[in-house]
Amino acid sequence: MLLALLVSGLVVALVVIGLFVFGLRRRLIQRSGGTFDCSLRWGVAEEPDVSGKGWVYGVARYSGDRIEWFRVFSYSPRPRRLLERSSIEVLARRAPEGEEELALLSDSVVLGCSHQGTRLELAMSEDALTGFLAWLEAAPPGQRVNVA
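Residues numbered from 1 in each chain as written. Predicted model: local features only at pLDDT ≥ 70, side-chain atom pairs only at ≥ 80, totals over all residues. Heavy atoms only, no water.

Per an unreviewed UniProt entry, the protein is named DUF2550 domain-containing protein, and its organism is Streptomyces polychromogenes.

Spelled out as structure tokens, the structure:
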């Protein structure tokens, strides 16, 4: 009986510590500012896939001429993807459809992009989209920016 209570108490403590570390990591990512919630789907086909598969919830952070994208459910302090401003090409913009609406945050807008030859989709709020497009268009003189 005592062993069972000890083990269950240890499990509860580990879960609480794990949740605390998730929150602390997100706080550290957001500390420098310029962050927004952004789901990502990497390596998509030309036609929109509305099945909702492949979306990963994350947080994106502006860092100079690139965006650092972090998975939310990860302990890694490093970004999972780095998107260079000069390599991002916006191809399309659409509303989530079908099961995709369940996989994404409410009121998300899906942005079809190309980054160094790889097609990807970003899903973010309308406010975050406005900031993202403004950041893309604010590239230094001489840099190519492709916004559809």
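Picking up after the structure, the text goes on.
Participant: An account of the packing of aromatic side chains is needed here, citing residue identities and associated values.
Facilitator: Counted according to the given criterion, the structure contains three aromatic pairs. For the pair Phe 36 and Tyr 62, a centre-to-centre distance of 5.2 Å together with 35 degrees between the ring planes defines the contact as tilted. Placement of Phe 36 in strand E1 (residues 35-37) and of Tyr 62 in strand E3 (residues 58-63) is noted, with a sequence separation of 26 residues between them. Here a set of aromatic residues connected by ring pairs shows up, and it is made of Phe 36, Tyr 62, Phe 132 and Trp 135. It is Arg 81 that lies over the ring of Trp 42; its NZ or CZ is 4.0 Å from the centre. (Phe/Tyr/Trp six-rings, centres within 6.5 Å; stacked < 30°, edge-to-face > 60°. Helix = DSSP H or I, 4+ residues; strand = E, 2+ residues; numbered from the N terminus. Lys NZ or Arg CZ within 6 Å of the ring centre and 35° of its normal.)

Participant: Talk me through helix H3 (residues 126-137); I want residue IDs and the actual numbers.
Facilitator: Given a rise of 1.5 Å per residue, 12 residues ought to cover 16 Å, and the 17 Å separating the end C-alpha atoms of H3 matches this to within 8%. Where H3 is concerned, the buried positions are Ala 128, Leu 129, Phe 132, Leu 133, Trp 135 and Leu 136. All buried residues of H3 fall inside an arc of 155 degrees around its axis, so they share one side. Facing away from the buried side of H3 by over 90 degrees, the exposed positions are Asp 127, Thr 130 and Glu 137. (Expected span 1.5 Å × (residues − 1). Buried < 20%, exposed > 50% of the residue type's maximum accessible area, 1.4 Å probe, protein only. Arc of directions from axis to C-beta.)

Participant: Would you mind going over the nonpolar core in detail, with residue names and values included?
Facilitator: Of all hydrophobic cores here, the largest spans 21 residues; its most connected members are Phe 36, Leu 122, Met 124 and Phe 132. Among the secondary structure elements, those contributing two or more residues to this core are strand E4 (66-71), strand E6 (88-94), strand E7 (108-115), strand E8 (118-125) and H3. No other element matches H3, which puts six residues into this core. Excluding anything up to four places from it in sequence, Phe 36 contacts Gly 58, Val 59, Ala 60, Tyr 62, Ile 67, Met 124, Ala 128 and Phe 132. (Core = buried A, V, L, I, M, F, W, Y, C linked by side-chain atoms within 4.5 Å. Contact = heavy atoms within 4.5 Å.)

Participant: I'd like a description of unusual backbone geometry, backed by residues and values.
Facilitator: Phi angles above zero are rare outside glycine, and Asp 107 is one such case at about 65 degrees. With respect to the helices, strands and loops of the structure, Asp 107 is situated in the loop between helix H2 (100-103) and E7. One non-glycine residue with positive phi stands out, namely Gln 116, at about 50 degrees. Structurally, the position occupied by Gln 116 is in the loop between E7 and E8. By relative accessible area, which is 58% here, Gln 116 ends up exposed.

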